[in-house]
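Descriptive structure summary
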Amino acid sequence: MCKKTSYLCSMNLTMKDIARELGVSVATVSRALKDSPRISQEQRLKIQQYAREHNFTPNVLAESLRNSRVQPIKVIGVIVPELVHYYFASVLKGIEEEAEAHGYRMMVAQSGERYEREVRLCQSFYENKVCGIIVSQAKDTQRYEHFQRLIDAGVPLVFYDRICTGVNASRVVVDDYMGAYSAVTHLIETGCRRIAYFGAPMNLEIAKNRFNGYKDALLKHGLPFNEAMTRICDNRADAEMITPSMFDSDVYPDAFFAVNDDTAIGIMYTVKRMGLRVPEDISICGFTNGYRSIACDPMLTTVEQRGVTVGEEAANILIGHVEGTIPLNRAEKRIVRTRLILRGTTR
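First, a word on scope: everything that follows refers to the structure included in this document. (Residues numbered from 1 in each chain as written. Predicted model: local features only at pLDDT ≥ 70, side-chain atom pairs only at ≥ 80, totals over all residues. Heavy atoms only, no water.)

On to the overall build of the protein, then. On a plain count of helices and strands, the protein comes out with 13 helices and 12 strands. Counting all 347 residues of the protein, 51% fall into the buried class. At a minimum sequence separation of 6, the contacts of the protein that also span at least 24 residues come to 71%. In the form shown here, the protein has an accessible surface area of approximately 16,600 Å², with 49% of it arising from carbon and sulfur atoms. (Helix = DSSP H or I, 4+ residues; strand = E, 2+ residues; numbered from the N terminus. Buried < 20%, exposed > 50% of the residue type's maximum accessible area, 1.4 Å probe, protein only. Contact = heavy atoms within 4.5 Å. Areas by Shrake-Rupley, 256 points an atom, 1.4 Å probe, with all protein chains shown as cover.)

Right under this line is the structure:
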């Protein structure tokens, strides 16, 4: 039996490997796996058992190339943390448009922010022989062997938004640091002095960059950084629960910068229920510029992430890897600039 993990074995094992191990031809292995009567039953069972024990997955795409004159469908696998978010939907739009323009289609799945499901999706995409994979990692992903296995197996891999610094792979991100820095600078320039920060878990690179942008903007403008003004909070439900506690002490915020629009909107509706005025008493800035940012009252000041452009860039890199215009061993890194959109929640 293979001493490596079954996932790794199945990714590396080929019919040529089986043929070499069992001392037969590749054609014999192929026929045995198809249960061809041209091979003796004893030989068929021996080869099939070896393939099962080593979790061998036939390369369906390669087989179709050998046996058909019809060009197979070129498919890109895409993993999103959650489909419900406007940002990820806009990234998918960009990927699809760029992929379609080059004759590719995409297969989409969501990890549900779960590491285990993300691992299974990577394996499933590999077994379905996608041309490459575009992925934004789940919140709780802190082990990266599943990504490294794809790279080791020669599968083109491109990260977007939530990148994995633990592997050397291509990536597309927005300028999270400058987006946060410009947002907090605007809050300061409009008179805010006690700016709270609601951010994502710090194991995510985007969380670190946005937090550093927030912190540096304070220090640059001579304002002290106060850890008591920061919370790990990246969704509306938690924002509505946590926000009131920010006003329990004598030193309370006069502004909030939130890691995304949903969190910012949760903050806004909570402070309004508390009897505070937005933006006269409390200024609020989000990060996304989705549809919800103009469906609230007042409309939300936010940092535009330009998800469609991120998707286009990610697809462009992946197709470059697949078609050889970008070497597979070169990690392409692209940054999409953000833009501060001023609306009614800031002065």
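Turning our eyes to something else, we now look at the layout of surface pockets. Put simply, the largest pocket is a space of about 510 Å³. Around the largest pocket sit 27 residues that line it, and His85, Phe88, Asn260, Asp262 and Thr288 are the ones nearest its centre. Only helix H6 (86-101), helix H10 (205-220), helix H12 (261-273) and strand S9 (283-288) provide two or more residues apiece to the lining of the largest pocket. For the lining of the largest pocket, the class distribution of residues is 10 nonpolar, six polar and 11 charged. (1 Å grid on protein atoms, 1.4 Å probe; cavity = no way out; pocket = protein on both sides within 12 Å on 5 of 7 lines; lining within 4 Å. Points joined across faces, edges and corners; volume = space filled by probe spheres on them. Nonpolar A, V, L, I, M, F, W, Y, C, P; charged D, E, K, R; others polar.)

The six strands lie next to each other as S7-S6-S8-S9-S10-S12, forming an open sheet whose pairing is mixed. At either end of the open sheet lies a strand with only one pairing partner, and these are strand S7 (230-232) and strand S12 (339-341). The mean angle between the axes of side-by-side strands here comes to 20°, regardless of whether they run parallel or antiparallel. Alignment of S9 against strand S10 (residues 301-304), held across four bridges, turns out to be parallel. Across the sheet, residue Phe287 finds its bridge partner in S10, namely Val303. Sitting on the sheet, H12 is in contact with strand S6 (195-199), strand S8 (255-258), S9 and S10, with an inclination near 160° to S9. (Pairing = 2+ DSSP bridges. Axes fitted to C-alpha atoms, helices over the stretch in contact; angles between N-to-C directions.)

A few words on the sheet that holds strand S4 (residues 157-160). Strands sit in the order S2-S1-S3-S4-S5-S11 across an open sheet of six strands; the sheet is parallel. Only two strands of the sheet have a single partner each, and these edge strands are strand S2 (104-110) and strand S11 (333-336). Sheet twist, expressed as the average angle between the axes of neighbouring strands with direction ignored, equals 20°. Strands strand S1 (74-80), S2, strand S3 (132-135), S4 and strand S5 (170-174) of the sheet are contacted by H6, whose axis makes an angle of about 160° with S2.

Below, the discussion takes up the nonpolar core. Core analysis: the largest hydrophobic core is formed by 63 residues, its most contacted members being Ile134, Ile195, Tyr214, Phe256, Phe257 and Ile284. One finds Ile79, Cys122, Leu157 and Ile163 within the second-largest nonpolar core, a separate group that totals 20 residues. (Core = buried A, V, L, I, M, F, W, Y, C linked by side-chain atoms within 4.5 Å.)

Counting through the fold element by element, Leu340 comes out in strand S12. Leaving out residues up to four positions away in the same chain, Leu340 has contacts with Ser182, Ala183, His186, Cys285, Thr301, Thr302 and Val303.

Under the definition given, this model contains 15 salt bridges. Between Glu113 and Arg162 there is a salt bridge; the shortest N-O distance is 2.7 Å. Of the two residues, Glu113 is situated in the loop between S2 and helix H7 (115-127) and Arg162 in the loop between S4 and S5; the sequence distance between them amounts to 49 residues. Note that Arg339 is salt-bridged to Glu304, the shortest N-O span being 3.0 Å. With Arg339 in strand S12 and Glu304 in strand S10, this pair connects stretches of sequence that are 35 residues apart. For Arg339, a relative accessible area of 49% corresponds to the partly exposed category. Via salt bridges that share partners, Glu313, Arg330, Glu332 and Arg334 belong to a single interconnected network. (Salt bridge = Lys/Arg side-chain N within 4 Å of Asp/Glu carboxyl O.)

To continue, consider unusual backbone geometry. Residues Val278 and Pro279 are joined by a peptide bond in cis, for which omega reads 10°. Position of Pro279 relative to the elements: it lies in the loop between H12 and S9. In this chain, Asp297 is followed by Pro298 through a cis amide linkage whose omega measures -5°. By the secondary structure assignment, Pro298 is in the loop between S9 and S10. Positioned with a positive phi, Asp35 is a non-glycine residue whose angle comes to about 60°. For Asp35, the location among the structural elements is in the loop between helix H3 (26-33) and helix H4 (41-53).

This part covers the side chain of Glu118. Looking at the element boundaries, Glu118 is found in helix H7. Arg162 provides the closest opposite charge to the buried, unpaired Glu118, separated from it by 7.3 Å. Within the structure, the side chain of Glu118 is placed 2.8 Å from the side chain of His146, a separation counted as a polar contact. Those residues within four positions of Glu118 in sequence are excluded, and the remaining contacts are Ile79, Ser111, Ser136, Gln137, Ala138, Thr141, His146 and Phe147. (Lys, Arg positive; Asp, Glu negative; His and termini not counted. Polar contact = N/O pair within 3.5 Å; in protein donor to acceptor, adjacent residues only side chain to side chain.)

The subject of this paragraph is the packing of helix H2 (residues 15-22) against H3. Two elements in contact, H2 and H3, have axes separated by 8 Å at closest approach and are oriented at 105°. Here H2 lies roughly perpendicular to H3, going by the angle between them. Along its contact with H2, which presents Met15, Lys16, Ile18 and Ala19, the element H3 presents Val26, Val29, Ser30 and Leu33. Within the contact of H2 with H3, the residues separate by chemical class into six nonpolar, one polar and one charged. (Parallel < 35°, antiparallel > 145°, perpendicular 65-115°, else oblique.)

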